[in-house]
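So you can see what is in the structure, the chains are spelled out below.
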4 protein chains.
Amino acid sequence: MSTQLTPEHFATLAQQAVEVPSWAYGNSGTRFKVFSTPGTPRDPFEKIADAAEVHRLTGLAPAVALHIPWDLVDDYAALRTHAENLGVSLGTVNSNTFQDEDYKFGALTHVDPAIRRKAIDHHLRCIDVMDATGSRDLKIWLADGSNYPGQVDMRGRQDRLQESLQEVYARLSGEQRLVLEYKFFEPAFYHTDVPDWGTSYAQVSALGERAMVCLDTGHHAPGTNIEFIVMQLLRLGKLGAFDFNSRFYADDDLIVGAADPFQLFRIIAEVVRGGGLNNPDVAFMLDQCHNIEEKIPGQIRSVLNVQEMTARALLLDRDALAAAEASGDVLGANAVFMDAFYTDVRPALAEWRESRGLPADPMAAYAASGYQQRINAERVGGAQASWGA
Amino acid sequence: MSTQLTPEHFATLAQQAVEVPSWAYGNSGTRFKVFSTPGTPRDPFEKIADAAEVHRLTGLAPAVALHIPWDLVDDYAALRTHAENLGVSLGTVNSNTFQDEDYKFGALTHVDPAIRRKAIDHHLRCIDVMDATGSRDLKIWLADGSNYPGQVDMRGRQDRLQESLQEVYARLSGEQRLVLEYKFFEPAFYHTDVPDWGTSYAQVSALGERAMVCLDTGHHAPGTNIEFIVMQLLRLGKLGAFDFNSRFYADDDLIVGAADPFQLFRIIAEVVRGGGLNNPDVAFMLDQCHNIEEKIPGQIRSVLNVQEMTARALLLDRDALAAAEASGDVLGANAVFMDAFYTDVRPALAEWRESRGLPADPMAAYAASGYQQRINAERVGGAQASWGA
Amino acid sequence: MSTQLTPEHFATLAQQAVEVPSWAYGNSGTRFKVFSTPGTPRDPFEKIADAAEVHRLTGLAPAVALHIPWDLVDDYAALRTHAENLGVSLGTVNSNTFQDEDYKFGALTHVDPAIRRKAIDHHLRCIDVMDATGSRDLKIWLADGSNYPGQVDMRGRQDRLQESLQEVYARLSGEQRLVLEYKFFEPAFYHTDVPDWGTSYAQVSALGERAMVCLDTGHHAPGTNIEFIVMQLLRLGKLGAFDFNSRFYADDDLIVGAADPFQLFRIIAEVVRGGGLNNPDVAFMLDQCHNIEEKIPGQIRSVLNVQEMTARALLLDRDALAAAEASGDVLGANAVFMDAFYTDVRPALAEWRESRGLPADPMAAYAASGYQQRINAERVGGAQASWGA
Amino acid sequence: MSTQLTPEHFATLAQQAVEVPSWAYGNSGTRFKVFSTPGTPRDPFEKIADAAEVHRLTGLAPAVALHIPWDLVDDYAALRTHAENLGVSLGTVNSNTFQDEDYKFGALTHVDPAIRRKAIDHHLRCIDVMDATGSRDLKIWLADGSNYPGQVDMRGRQDRLQESLQEVYARLSGEQRLVLEYKFFEPAFYHTDVPDWGTSYAQVSALGERAMVCLDTGHHAPGTNIEFIVMQLLRLGKLGAFDFNSRFYADDDLIVGAADPFQLFRIIAEVVRGGGLNNPDVAFMLDQCHNIEEKIPGQIRSVLNVQEMTARALLLDRDALAAAEASGDVLGANAVFMDAFYTDVRPALAEWRESRGLPADPMAAYAASGYQQRINAERVGGAQASWGA
């Protein structure tokens, strides 16, 4: 079996876009320690500059996701212009309801109406930001949950979640969407209010058509077949977005494709199969923490990993797969599948990048660009952007 | 805090019924070995006799679930009369599409229409059995899945599953229901066609009101919060049945409550909270394999475990829980919860059993009854009932 | 089966001591947020005062573990006198090599000799502290590891770990011991340099007799049979200490016994079986994070949980267990085991506490004591003790 | 980075040998069903013929492991001659103590001395077989364990295990070795008597120099870093053998490299790093179950997977890795590592195979050989070889 990328494949790859998160450029860490890095941005404008550098070198990252309040600015029009001048746009707005003392026991699910009100209002303000930035998606990830059995009434929280979301959803206009992320555990340890795709699906289905599920590849129990969920959500018409990253144990937020490249291949193969590739309904986003590695190259590596794996997935000979399945030829089908995965698409992609005026090796190009040295020198003083405690 | 079972609690407990599976009385084992046991039934009539013994001693197990074709008989009216004479009824009918060579690559999802047809027809025949036995529920657990990535097109199988189920569902009449079980993995190792509650929920929701989800407590990924799923399915009105058992690692099918008694407590507490206790819509069933322990006492132990844990769950002071939650008193709420769990309800239950003409200690009563010695002597010759390879 | 605590049991329970960690009284949290609490200590002296309150009310917590540099003071003699005046002693010294920028890529295993030197020197200074405090044990938990495959040479690190430990071990004197903790993952996500008991065992065995393994109950893979490891380490004479806590998913550091009380029962039953109870060679310690619950009551609850579960474990009828095993009576053996677990020892313990001049209900006694209100009022201003980023 | 296989690499690859298990050619399955396959061997002679076919087409599988009593024959000299005539030798002898009714509660650990005696004697007879076949290694995998807490005294079993092994070990002569496999769980569900590498290491270390650990890649908890264990056992001089296979969830026994090819790469990279490649002390074996795929091609695929991944591991630029580690260049190190993994070694290997007189594509060569058709026709009647219940 010989497999090669065709012009048609390249045409598909040329359309690919991966939204990068503003917070990836700030410092992040574990509960034990956040290490600081020279050149780390000190405000949203510097984060967007870094994100634009990723796009400049890869052509893959035309939009930057924001996190509110981390990316609160006085003038979103200015931020938007700043982004556009650098060749990128402002993307998904992420609401943050996990870093205020009031949210210790929940936000949209809180038993106290006053705190629930505050959390809903925060989401309404996020939609104001979306109106200003032109962002389409409001992404909601909730830290809501509990640590001890008996601590809360899970059922009451589920009902209140629906009520809160309805109010938020009602505020959306035009093409705007609400995307609800689920997460198996952390920061809550006993129960999470949106722990699995089924819960997110049931919640957004009760809202309406512009409410969708966000699948973060790191938010599942050990052994979960994630590509099955991709398939199912595409089938049900409810896959709204991906948060890409990778994990060995928990929600490690490592570089996408780093921990289990074959899993990433299977996921993207299922996206292609279900019509989710380059489909505006299905946003591709990164959600990673570069705790110990350099941040900008970490993001470049990540979008390249998505691109390379998409190229491999495009190589899949679906007719051969179907024929093998029809005849019960397990090893034949698996051979077709592995052949695409094991094909080294990197040289062809490098050549193609050059043909489009991009560096053949964006990692090397970044290292040679002097950008990192410049920001290391310039960004001295002030507080580095960060998240976590 | 002092907690005691009240007359009201006992009135609730008196209504409790746990369906026992006919196959629990036959030999079962692992892929490595099925050990044989003296006295093992050789036909469905003997299985029902054993199940009736469990009910006679506990008052908890008035119905026996069947498995077709394991429990195929020529005359279901005779089987039904046999059961009724022994004081029990015939319960849920389980379809078996995993032990025929044709089902190597699936049943209701199979890519070959002829095999799909065969599997659908098998289910229609199961409904014929239900008509004859008076059973209400058709329970479907599918072994369908694949072992290697690329082996099958998961999406096509999901669509065919819905088509197959629609045909089966259409055949139901009156009060009959279809209950679809999900399972994380095994016997398929790469993908399972109904791997999680979300898939079962999406599939049965597309069928209609009399299609429900079956939750087997052993069919989840490590770390899954099962009581959350119980809560959610009750909230969505789609929890049709439990298959109770327990597990340390995979689908171990151990005695319910044996591996993690506190988990069983939390599950039943959520059943009570959501109105699922003694609710005809939510069938309580066992699904266990007594590989190395004695089978009839194993079943007695199991229904007693469910009863004891239900008693503890009934003790929960929900007003105190709500007050603690309202004031953010984590330790107070947990104390209320643990107090119910740690209360030793066994002496009160023993006394209450006696007051109802049941043995205070059904395990001891079975040992003293001579039943096991009698069947050991009688059931010689013939093939012992079994399942598995 | 009737089971009751005897005078002999109480004599055993009277000897029980659980070391509490100074850091449990400071603020802790997740990577997302550390919530602050009124009354949180601002220095080691205030931490010890809180720990002493736990001991005053329970009689169970006569020693306080320190963490260096968190508990650095100028005058350890003064700290020791402070502790003794409050009725407690200074216990295990924990070295901290995970919160300095230099340790980003490791400490005792670091590829750079200068950083390794710094880490070794930190441990030597910890032994200086031990000399001053009279502490017996140096407990080493290493955050060393890597996040990405290929990032480091794991073998080289393992060899350097042994070299570093040898230098630390050589500095111990008299009764002093080195106790090496293992941890499955976190904060490193790909590999941890001491990930399992086997590695800790191999490392300490190469050091000598006064080097032992520390077992933290939250540091294992899902499904691990922890009591088996307890049994094995006791058998090999290398179980030096416990860090007690509990977990649902990862290293949640919840209150011991909160997540799986039956597991705690099994662990303590194996400690008793192997001669590890009230054995000075096996230190009982807590290592928990009270992220959302009150800290002092959280510690009181924890030591009571250990005491209650020890009482249950003492009830185990080992002759009956042995007889059941000898006759292959699986259900009989399990019944004996569960009977001890399900026995409600709480009333007898409450009575016994009172007989010893302790409050029957230490949680209620703390709530009534006014201590929390006093520290809330007094500890205003200054920086609350904390850990993490 | 351009990476190519060199003559030196090919010289290394030419020495590689992977022992294949006789049982892989018989029918196997799950506890639910063992599917039968045309052409399945009916006796050890036919199994060896099939194994020889794998070696003929790949040059990789010169030895066949036996399982006693599955491969009991009257005349081992005849079996040996049969093998040698077909170009292969008889390899490791595996003892089987899990399919006799007597072993329901254990074998080498059993509480009953008579059954322990029987199990020890079985191992002594296995060594007799080794004397006759010229096999070097006795591999012991024990199904010993328990299903319910309290069922057995784990400590007593551990001590008896050591006693039993000592008697077996004492019977070895010359170059013969004892290799002890560990397994996380199954067929026992609560505890396994040799559950982890630490236990196997402690047990074999107490025996002597010719007792080693066997690492089965499917026998670990979810998330376990297996290559770390490879590194550690090589460092401790106790890695005696591999049982290769792959898994998604439990001990799935799938084709090696099928579930997580990157994990296989990391494992072999660590073997190379630690001097375990083509080292007679470290036997490479397969232990797989071809439940639904064709068996002989399944084995061909497996040995090719090992070969291909070894080629990739040989490509690792260790100087570049070391330089990146020394400078804390996380992304640089990971890039070197991934570059070797992503390099497509298949064309070069195909060419090299042809240069050695082997088929470029052994899978295609088998399909074209007519062997399968011949055995399908010939092996009619008699009982197919199988294992399991």
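Let me sum up the structure you'll find in this document. Given the structure is predicted, the values throughout are model-derived calculations rather than measurements.

What counts and what doesn't
- Residues numbered from 1 in each chain as written.
- Chains lettered and ligands numbered in written order.
- Predicted model: local features only at pLDDT ≥ 70, side-chain atom pairs only at ≥ 80, totals over all residues.
- Heavy atoms only, no water.
- Helix = DSSP H or I, 4+ residues; strand = E, 2+ residues; numbered from the N terminus.
- Rg over C-alpha atoms; globule rule 2.2 N^0.38 Å.
- Buried < 20%, exposed > 50% of the residue type's maximum accessible area, 1.4 Å probe, protein only.
- Contact = heavy atoms within 4.5 Å.
- Areas by Shrake-Rupley, 256 points an atom, 1.4 Å probe, with all protein chains shown as cover.
- Lys, Arg positive; Asp, Glu negative; His and termini not counted.
- Charge placed at Lys NZ, Arg CZ, Asp CG, Glu CD.
- Axes fitted to C-alpha atoms, helices over the stretch in contact; angles between N-to-C directions.
- Parallel < 35°, antiparallel > 145°, perpendicular 65-115°, else oblique.
- Left-handed = near helix turned anticlockwise from the far one by under 90°.
- Least-squares fit on C-alpha atoms with pLDDT ≥ 70 in both.
- Buried area = accessible area lost by both parts, 1.4 Å probe.
- Salt bridge = Lys/Arg side-chain N within 4 Å of Asp/Glu carboxyl O.
- Polar contact = N/O pair within 3.5 Å; in protein donor to acceptor, adjacent residues only side chain to side chain.
- Nonpolar A, V, L, I, M, F, W, Y, C, P; charged D, E, K, R; others polar.
- Phe/Tyr/Trp six-rings, centres within 6.5 Å; stacked < 30°, edge-to-face > 60°.
- Core = buried A, V, L, I, M, F, W, Y, C linked by side-chain atoms within 4.5 Å.
- Expected span 1.5 Å × (residues − 1).
- Arc of directions from axis to C-beta.
- Pairing = 2+ DSSP bridges.

Our focus in this paragraph is the overall build of chain A. Along the backbone of chain A there are 14 helices and ten strands. At 21 Å, chain A has a C-alpha radius of gyration in line with the 21 Å of a compact globule built from 389 residues. For chain A, the spread of C-alpha atoms along the three principal axes comes to 65 × 55 × 40 Å. Relative to its full complement of 389 residues, chain A shows a buried share of 69%. Considering only residue pairs separated by 6 or more positions, chain A has 79% of its internal contacts joining residues 24 or more positions apart. About 11800 Å² of surface is accessible on chain A, with carbon and sulfur atoms providing 50% of the total. If you average the places of the 34 positive and of the 52 negative side-chain charges in chain A, the two averages end up 2 Å apart.

It is worth spelling out the packing of helix α9 (residues 295-314) of chain A against helix α13 (residues 362-369) of chain A at this point. All names here are of chain A. Where α9 meets α13, the closest approach of the two axes is 9 Å, and the angle between their N-to-C directions is 160°. Here α9 is positioned roughly antiparallel relative to α13, judged by the angle of their axes. Read as a crossing pair, α9 and α13 show a hand that is right-handed. Counting all contacts with α9, which are made through Ile 296, Pro 297, Ile 300, Arg 301 and Leu 304, the residues of α13 involved are Pro 362, Met 363 and Tyr 366.

Our next topic: the relation of the copies chain A and chain B. Superposition record for chain A on chain B: RMSD 0.0 Å, screw rotation 180°, translation along axis 0.0 Å. Considering both components of the superposition, the chain copies are consistent with a two-fold axis. No C-alpha of chain A approaches the rotation axis more nearly than that of Gly198(A), which lies at 2.1 Å. Both copies present the same face, since 100% of the interface residues in chain A are matched by interface residues at the equivalent positions in chain B.

The next thing to look at is the relation of the copies chain D and chain C. In the superposition of chain D on chain C (RMSD 0.0 Å, axial shift 0.0 Å), the rotation amounts to 180°. A shared interface surface links the copies, since 100% of the contact residues of chain D are contact residues in chain C too.

Residues and elements named next belong to chain A. The contact between helix α1 (residues 7-14) and α9 brings their axes to 10 Å, and the two run at 145°. Between α1 and α9 lies a crossing whose hand is right-handed. Contact with α1, carried on its side by His 9, Thr 12 and Leu 13, involves Gln 307, Thr 310, Ala 311 and Leu 314 of α9 and no other residues of that element.

With 55 residues of chain A at the interface, the matching set in chain B holds 55 residues. Approximately 4200 Å² of surface area, both sides summed, lies buried where chain A meets chain B, with 61% of it carried by carbon and sulfur atoms. Together, Arg155(A), Arg235(A) and Glu325(A) form the three largest contributors to the area buried by chain A at its contact with chain B, with a combined 17%. Between chain A and chain B we count four salt bridges in total. The shortest N-O distance in the salt bridge between Asp159(B) and Arg235(A) comes to 2.7 Å. For the pair chain A and chain B, the interface holds 18 residue pairs in polar contact (both at pLDDT 80 or more). Contributing elements (two or more residues each) for the side of chain A that touches chain B: α5 (154-171), β7 (191-192), α6 (197-205), α7 (226-235), α8 (261-273), α10 (318-326) and α11 (330-342) of chain A. Counting residues per element, the side of chain A that touches chain B draws most heavily on α5(A), which supplies eight residues. Here the residues of the side of chain A that touches chain B are counted per class, giving 25 nonpolar, 17 polar and 13 charged.

Turning our eyes to something else, we now look at the packing of aromatic side chains. For the coordinates displayed, the defined rule picks out 94 aromatic pairs over all chains. Ring centres of Phe262(A) and Phe265(A) lie 6.2 Å apart, and the angle between their planes is 15°; on these two criteria the pair is classed as stacked. Taken together, the positions of Phe262(A) and Phe265(A), both in helix α8 and three residues apart, correspond to about one turn of that helix. By relative accessible area, which is 0% here, Phe265(A) ends up buried. Judged by centre distance (6.1 Å) and plane angle (75°), the rings of Phe262(B) and Phe337(B) are edge-to-face.

With that settled, the discussion passes to the side chain of Thr109(D). Residues and elements named next belong to chain D. With respect to the helices and strands, the residue Thr 109 is situated in the loop between β3 (89-95) and α4 (113-133). On the basis of relative accessible area, Thr 109 is assigned to the buried category, the value being 0%. Of note is the side chain of Thr 109, whose polar atom sits 2.7 Å from the side chain of Asp 144. For Thr 109, the residues in contact, after removing those within four places along its chain, are Arg 116, Asp 144, Arg 157, Arg 160, Leu 161 and Asp 193.

Another point: the nonpolar core. For soluble globular proteins, the rule of thumb is that nonpolar side chains tend to be buried together. Among the nonpolar cores identified, the biggest contains 493 residues, and Phe242(A), Phe242(B), Phe242(C) and Phe242(D) are the most heavily contacted of them. Look past the residues within four positions of Phe242(A) in its chain and what remains in contact with it is Cys214(A), Leu215(A), Thr217(A), Val230(A), Ile267(A), Val271(A), Val282(A), Ala283(A), Phe284(A) and Met285(A).

Once the charged atoms of two side chains with opposite charge are near each other, the side chains can pair. Going through the model one piece at a time under the given rule, you end up with 120 salt bridges over all chains. The partner of Asp339(D) in a salt bridge is Arg346(A), and the shortest N-O contact between them spans 2.7 Å. Residue Asp339(D) is located in helix α11 (residues 330-342), and its partner Arg346(A) is located in helix α12 (residues 346-355); the two belong to separate chains. Across the pair, exposure class does not vary: Asp339(D) and Arg346(A) are buried alike.

Let us look at helix α9 (residues 295-314) of chain C. Over its 20 residues, α9(C) extends 29 Å from the first C-alpha to the last, a length consistent with the 28 Å expected when each residue adds 1.5 Å. Most of α9(C) sits inside the fold, with 20 of its 20 residues counted as buried.

Residues and elements named next belong to chain A. By the burial criterion, the buried members of helix α14 (residues 371-378) are Tyr 371, Gln 372 and Ile 375. All buried residues of α14 lie within an arc of 95° about the axis, which places them on one face of the element. Lining the buried residues of α14 we find α2 (44-58), α9 and α13.

On the chain C side, the residues contacting the 55 residues of chain D number 55 residues. Looking at the side of chain D facing chain C, the largest losses of area belong to Arg155(D), Arg235(D) and Glu325(D), adding up to 17% of the total buried there. One can count four salt bridges joining chain D with chain C. At the boundary of chain D with chain C, the tally comes to 18 residue pairs in polar contact (both at pLDDT 80 or more).

Right, let's get into unusual backbone geometry. Of the consecutive residues Ile68(C) and Pro69(C), the connecting peptide bond is found in the cis state with omega at 20°. Along the polypeptide, Pro69(C) turns up in the loop between β2 (63-68) and α3 (76-85). Non-glycine residue Glu186(B) carries a positive phi angle of around 80°. Take Glu186(B): it is sitting in the loop between β6 (177-181) and β7 (191-192).

Residues and elements named next belong to chain B. Strand order across the open sheet formed by eight strands is β1-β2-β3-β4-β6-β8-β9-β10, with parallel pairing between neighbours. Two strands in the sheet have a free side with no partner beyond their single neighbour: β1 (20-21) and β10 (283-286). With three bridges joining them, strand β3 (residues 89-95) and strand β4 (residues 137-140) adopt parallel strand pairing. Within β4, the residue paired with Val 93 across the bridge is Leu 138. Running at roughly 165° to strand β8 (residues 211-216), helix α7 (residues 226-235) makes contact with β8 and β9 (239-244) of the sheet.

With that out of the way, let us pick up the sheet that holds strand β3 (residues 89-95) of chain A. Residues and elements named next belong to chain A. In spatial order, the strands read β1-β2-β3-β4-β6-β8-β9-β10; together these eight strands make up an open sheet with parallel pairing. Each end of this open sheet is capped by a strand with a single partner; those strands are β1 (20-21) and β10 (283-286). Bridging between strand β6 (residues 177-181) and strand β8 (residues 211-216) involves four bridges; their strand directions are parallel. Note that in β8 the partner of Leu 178 across the bridge is Ala 211.

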